[in-house]
Amino acid sequence: MQYHFNDIEAKWQKYWAENQTFKASNNSDKPKYYVLDMFPYPSGAGLHVGHPLGYIASDIYARYKRHKGFNVLHPQGYDSFGLPAEQYAIQTGQHPAITTETNIKTYRRQLDQIGFSFDWSREVRTSTPEYYKWTQWIFIQLFESWYNNDSNKAEEISTLVAKFSAEGNANVNAVCDDNIESFSAEQWNAFDSKKQQEILLQYRLTYLAETEVNWCPALGTVLANDEIVNGVSERGGHPVMRKKMTQWSMRISAYAERLLQGLDTIDWTDSLKESQRNWIGKSVGASVTFNVIPNVTLSAVEESLKIDVFTTRPDTIFGVSFMTLAPEHELVQTITTPEQKAEVEAYVLATAKRSERDRMADVKTISGAFTGAYAEHPFSKEPIPIWIGDYVLAGYGTGAVMSVPCGDQRDYDFAKHFNIAIPNVFEGADISEEAFASKDNVVIANSDFLNGMNYKKASKRAIYDLEQMGQGEGKTNYRLRDAVFSRQRYWGEPFPVYYVNGMPQMIDKAHLPITLPEVEKYLPTETGEPPLGRADAWAWDTNTNTVVPNVNLSAVEGEDNGIYPLELNTMPGWAGSSWYFFSYMEEKAKRGEDFASQDALNYWENVDLYIGGSEHATGHLLYSRFWTKFLKDRAFVGVDEPFKKLINQGMILGTSAFIYRVTSLPMLGKKSTSNFEDNAIMDSFTSNIYVSKKTSEQIESNDLNSKDWGEIVKSLNKKINEANSKLNEGETKYGQTAKITVTPIHVKVQYVNASDELNIEDLKNDAEFGADYKDAEFILEDGVYKVGREVEKMSKSKYNVVSPDAICEQYGADSLRLYEMFLGPLEQAKPWNTAGITGVHGFLKKLWKLYVGEAGLIVNDASPTKDNLKTLHKTIKKVQEDIENFSFNTSVSTFMIAVNELTAQKCTSKAILEPLLVLLSPYAPHITEELFSQLGNEGSIATAPFPIFEASHLVESSKNYPISFNGKMRFTLELPMDMSKDEIEKTVMAHEKTIAQLEGRTPKKVIVVPGKIVNIVG
């Protein structure tokens, strides 16, 4: 009987689906265990072999826990809202729901064929109305909440309204906007409804505010920081600029300290925790107020302007020699003098084109502009020049810093660049070359009343004096900023919000979900509104509580007829992923009045094991922790943290292939009769000539022989002449080639053979990109074109992906699962090499032969030998330890050793081979199910108990002693381990081989070391 893996895998996948083998129960006497993967975004490209790595690891652990007697919840779903589907819709006009559904079908087929033990009865799709109804509901709960610092949790907004009505806001200790207007109870009660709503917006956990955002004009939407790479959008590579927009924001900053403290209660890696700590960025210091010195540009009302800064080094306050504001700071336009206005405005405009991430990362570029204004030093009363610089961010702290160049390197570099004074306030410190940033062993100097003090004492004294003057106070600050929650997109959750007189109103839970309307196009409107602005029916009728056509809006009619505009923005991608793990706790069929029943939430509590990529450390993982803490505050869930243990899987790396396009740098020709030298500048001319790897290296090193140089230059100049012939009269024409460079271009790896040779014809016939190479010229080496190779992240954008479909077809899903685990430790990046899968496939065929011969099953009821038992139990011990430690790669090696040993032992004992299948089943579930069934078992191996390790089978009962004569071993003799020294000597001396060696001689000495050696001397 042959190992027909395709048939076996299809058979058992069908069995699992029909029998709902992996369906979890919300009522069980077994202990619960919740294993979760970060759910995938269903892209059109489907899965590549890098995607299942974490899924296989979590599946092994979920299956192992079932064997160990746990009630395991191991669900899966789809993070199905997102920008890629919308961009595809813009390009093709096809509704994102259609392409998303198509993509999900592909993902489901691929996930099923790999044999994952998912409970599909709990599937989640974030883009379905029955799911995002609850995302909208959570948004409403956030809107209807405020953060009470006294109770250190979120509370219903009605409790805040009660406080305002009874006593005003003087004694309210809340997380709220800055510069809140103080009012009494009488004033509050006298405010009209709109005024009260405006005040409450300053306290709500989700609120409307004008915010600096990453605006991508080409995509027509705001982007999160993690959607921007190297200053351009990750999707499409479009420019991104900073822009102020009125946006919905989430007051995650209210939870900063709790998010920090919670890290001590969860089992995450130190590096992941450190990423979150750095992102939250707790720092202790002082808030300092600098008064702006009046100048001719300030009106009488503006002459009392103040600039608040936060500093962790109040001890260095006498070292302030200038102030730096973020270019976006609200005071920049107000305080800038007429003489500096043009320079400042140009700088602000240039900065808007750079992302915050770029500005933070770029420590080499020094730029700024002087506003012409000055602030007054709180102690010395000296004037301090006010500059703007893009190394200061509007969203961090107050968007302003007191610049102390002697103690901060960026301030130091800025001061040096702009020739600003650098006063030294550190006794004995050398600041001739760089700033002195240490706090240790610091003695303050040149600082009036702080002279001679150390860091702690000087800081404390400076804060005290600032407080006495009313120009500062001690303060704890966090880098964590409130999260912008609006996106100018179509394919996202609609907000359950309509507007009356410009004030947001929430739609009642009974009328949710508010579903996406149909639109003609998925682009922003011609007037700049988000795509929902194109909807014909996108207004809320408060009379019928339904969505109605826009034509009857109250604003249009000029009277209040109860029909109001709905919010045009949609929620960001992280909205649905911030709580999906709670939705899984309830079967789809039972989800109704709540996102999950209280019984289900109480039973499952939170995720016991979460596996996913480290790239989500400061996005999804932070937001989901925030939402969980909020839901706990409001008693909707019973846990404070969503994920108990978290593991980041490494990446599967692909081997990319590159071709090398030749780029000429020719001289630009003359546009007029003016001097040619005036126009002789270099400009890039990109050809469609491609040289292979070796030639590209010779070009880069200027080491190409003259003949080959001549051929390439000749080809290039021909291409340049062709390009010039297509230009209109008067247009600048390219001159002849002056310099040659090469640009590496990714090509699909399927067009490259094992010898790195490119199949040029297949590339030119490619349905997707063939047209780009139709007229290309490929310069060959020895009759072939050889590509370059590089190991990098497996990604469809690098054309280096390997589909699991082909692997499963050729080798089977069990081979794929074993191979991905065998590649190396789970957390590390690993290069993929398809050729390596033949080894694990060969192991599975050898495993099959251990159970099945030519005539059928060869397993019997024979009693196991000591060697059989030893092999089995050392395998049990090792595999259990490996799984518990997530060392899956070493388990695969252990299985190979066990099968080799049992094959050599000619083991046919069911008592050995059946438990071996249970050990292997989490890794290779299909082959083990089939063999388990052939052994006469009913049902699935998935619930068979995990074999119990018995240490007694690993205790050696005998020793194979080397028997030496005068130090040279002549033979070995197996003797019981408990034999005494005298009994060993007597047995050895009586042995026929000893007698033959001695030839009648009497030895001088017999040396016996029990458990080690026997040496006969003389």
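All values derive from a computational prediction rather than experimental measurement.

Caption draft 1: Main features of the overall build of the protein chain. In terms of regular secondary structure, the protein chain is built from 33 helices and 37 strands. Seen along its three principal axes, the alpha-carbon backbone of the protein chain occupies a region of about 120 × 85 × 75 Å. Relative to its full complement of 1018 residues, the protein chain shows a buried share of 52%. For the protein chain, the share of sequence-separated contacts (at least 6 apart) that also reach a separation of at least 24 residues comes to 72%. In the structure as shown, the protein chain presents an accessible area of about 45,800 Å², 48% of it carried by carbon and sulfur atoms. On the protein chain, the mean spot of the 104 positive side-chain charges and the mean spot of the 134 negative ones are 7 Å from each other.

Caption draft 2: View of helix H23 (residues 706–725). The terminal C-alpha atoms of H23 lie 28 Å apart, and with 20 residues this matches the ideal 28 Å at 1.5 Å per residue to within 8%. Among the residues making up H23, those that are buried are Trp709, Ile712, Ser715, Leu716, Asn717, Lys719, Ile720 and Asn724.

Caption draft 3: Examining the pattern of salt bridges more closely. Per the stated rule, a full pass over the model turns up 39 salt bridges. Two residues, Asp177 and Arg251, come together in a salt bridge whose shortest N-O distance is 3.0 Å. Here Asp177 is found in the loop between strand S5 (174–175) and helix H7 (185–190), whereas its partner Arg251 is found in the loop between strand S10 (241–250) and helix H9 (256–262), with 74 residues between them in sequence. Residue Asp315 is joined to Arg313 by a salt bridge in which the shortest nitrogen-to-oxygen separation is 2.9 Å. As far as the burial class goes, Asp315 and Arg313 line up, both buried.

Caption draft 4: Local environment of unusual backbone geometry. A cis amide bond, omega 5°, links Leu512 with the succeeding residue Pro513. Within the secondary structure, Pro513 is located in the loop between strand S20 (503–506) and strand S21 (539–541). With a phi angle near 50°, Glu999 is a residue other than glycine that sits in the positive phi range. Looking at the element boundaries, Glu999 is found in the loop between helix H33 (992–998) and strand S36 (1005–1009). On the accessibility criterion, Glu999 (64% relative accessible area) is exposed.

Caption draft 5: Structural view of the nonpolar core. Ranked by internal contacts, the top residues of the largest apolar core, which has 93 residues, are Trp248, Phe485 and Phe582. Tallying contributions element by element places helix H5 (residues 129–143) first for this core, with nine residues. If near-sequence neighbours (up to four positions away) are discounted, Phe485 is found in contact with Phe139, Trp248, Ser249, Met250, Phe495, Thr570, Met571, Pro572, Trp574, Ala575 and Trp627. Residues Trp12, Ala57, Leu872 and Phe932 belong to the second largest nonpolar core, which totals 82 residues.

Caption draft 6: Region of the structure containing the side chain of Glu781. As for its position among the elements, Glu781 is in the loop between strand S29 (777–779) and strand S30 (788–793). One buried charged residue, Glu781, remains without a salt bridge, the closest side chain of opposite sign being Lys694 at 5.4 Å. Within the structure, Glu781 has its side chain in polar contact with the side chain of Thr695 (distance 2.8 Å). Other than its neighbours up to four places away in sequence, Glu781 contacts Ser692, Lys694 and Thr695.

Caption draft 7: Highlighting the packing of helix H27 (residues 837–851) against helix H30 (residues 910–920). For the pair H27 and H30, interaxial distance at closest approach is 11 Å and the crossing angle is 155°. Classified by the angle their axes make, H27 and H30 are roughly antiparallel. Handedness of the H27/H30 crossing: left-handed. Note on element contacts: H30 touches H27 through Leu913, Leu916, Leu917 and Leu920, opposite Phe843, Leu847, Leu850 and Tyr851. Classifying every residue of the contact of H27 with H30 gives eight nonpolar, no polar and no charged.

Caption draft 8: Geometry of the sheet that holds strand S7 (residues 221–223). Within the open sheet, the four strands sit side by side as S7-S6-S10-S18. Their pairing is antiparallel. At either margin of the open sheet sits one strand with a lone partner, and together these are S7 and strand S18 (483–484). Both strand S6 (residues 206–216) and S7 contribute to a ladder of three bridges, which runs antiparallel. In the sheet register, Trp215 faces S7, and the bridge partner there is Val222. Against the sheet, H5 engages S6 and S10, with an angle of about 85° to S10.

Caption draft 9: Representation of the packing of aromatic side chains within the structure. Applying the stated criterion across every chain yields a total of 70 aromatic pairs. Ring plane angle 50° and centroid distance 4.8 Å describe the contact between Phe414 and Phe418, whose orientation is recorded as tilted. Exposure remark for Phe414: the relative accessible area of 2% places this residue in the buried category. On the accessibility criterion, Phe418 (24% relative accessible area) is partly exposed. Above the face of the Phe191 ring, Lys195 is positioned so that its terminal group lies 5.6 Å from the ring centre. Above the ring of Phe143, the side-chain terminus of Arg204 is found at 3.9 Å from the ring centroid.

Caption draft 10: Inspection of the sheet that holds strand S34 (residues 958–965) at higher detail. Spatially, four strands are ordered S35-S34-S37-S36 in an open sheet, and the strand pairing comes out mixed. Two strands close off the open sheet at either side, each with one partner strand: strand S35 (968–976) and S36. On average, each strand axis in the sheet is tilted by 20° relative to the strand beside it, whichever way the strands run. Bridge count between S36 and strand S37 (residues 1013–1017): five bridges; the pairing is antiparallel. Counterpart to Ile1007 in the pairing with S37 is Asn1015.

Caption draft 11: Expanded view of the environment of Ile138. Note on placement: Ile138 falls in helix H5. Each C-alpha atom of the pair Ile138 and Leu631 lies 8.4 Å from the other, and the pair is 493 residues apart in sequence. Setting aside residues up to four positions removed in sequence, Ile138 forms contacts with Trp579, Trp627, Phe630 and Leu631.

Caption draft 12: Focus on the pairing of strand S1 (residues 32–37). Burial runs high along S1: six of the six residues are buried. Because side chains alternate across S1, one face comprises the buried residues Lys32, Tyr34 and Leu36, and the other comprises Tyr33, Val35 and Asp37, equally buried.

Caption draft 13: Spotlight on the side chain of Arg534. Mapped onto the fold, Arg534 is located in the loop between S20 and S21. Arg534 gets classed as buried once you look at its relative accessible area, which sits at 16%. Other than its neighbours up to four places away in sequence, Arg534 contacts Val519, Lys521, Leu523, Pro524, Thr525 and Glu526.

Caption draft 14: Here's a closer look at a nonpolar patch on the surface. A surface patch of nonpolar side chains, about 190 Å² in accessible area, is lined by Ile1007, Val1009 and Ile1013. The residue Val1009 is located in strand S36 in this model.

Caption draft 15: How the structure looks around the confidence of the model for the protein chain. Taken over all residues, the pLDDT of the protein chain has a mean of 91, while the share at 70 or more is 96%. In the predicted structure, residues 668–682 sits below a pLDDT of 50 and forms 29 contacts with residues beyond four places in sequence or in another chain.

Caption draft 16: Spatial organisation of the environment of Leu263. Assignment of secondary structure puts Leu263 in the loop between H9 and helix H10 (270–280). A relative accessible area of 0% places Leu263 in the buried class. C-alpha of Leu263 to C-alpha of Arg277: the two residues are 14 residues apart in sequence and 8.5 Å apart in space. When residues no more than four places from it in sequence are discounted, the contact partners of Leu263 are Lys273, Gln276, Arg277 and Arg625.

Cut-offs applied
- Residues numbered from 1 in each chain as written.
- Predicted model: local features only at pLDDT ≥ 70, side-chain atom pairs only at ≥ 80, totals over all residues.
- Heavy atoms only, no water.
- Helix = DSSP H or I, 4+ residues; strand = E, 2+ residues; numbered from the N terminus.
- Buried < 20%, exposed > 50% of the residue type's maximum accessible area, 1.4 Å probe, protein only.
- Contact = heavy atoms within 4.5 Å.
- Areas by Shrake-Rupley, 256 points an atom, 1.4 Å probe, with all protein chains shown as cover.
- Lys, Arg positive; Asp, Glu negative; His and termini not counted.
- Charge placed at Lys NZ, Arg CZ, Asp CG, Glu CD.
- Expected span 1.5 Å × (residues − 1).
- Salt bridge = Lys/Arg side-chain N within 4 Å of Asp/Glu carboxyl O.
- Core = buried A, V, L, I, M, F, W, Y, C linked by side-chain atoms within 4.5 Å.
- Polar contact = N/O pair within 3.5 Å; in protein donor to acceptor, adjacent residues only side chain to side chain.
- Axes fitted to C-alpha atoms, helices over the stretch in contact; angles between N-to-C directions.
- Parallel < 35°, antiparallel > 145°, perpendicular 65-115°, else oblique.
- Left-handed = near helix turned anticlockwise from the far one by under 90°.
- Nonpolar A, V, L, I, M, F, W, Y, C, P; charged D, E, K, R; others polar.
- Pairing = 2+ DSSP bridges.
- Phe/Tyr/Trp six-rings, centres within 6.5 Å; stacked < 30°, edge-to-face > 60°.
- Lys NZ or Arg CZ within 6 Å of the ring centre and 35° of its normal.
- Patch = residues over 30% accessible without salt bridge, like charges linked within 9 Å, V, L, I, M, F, W, Y side chains within 5 Å.
- pLDDT = per-residue confidence, 0-100.

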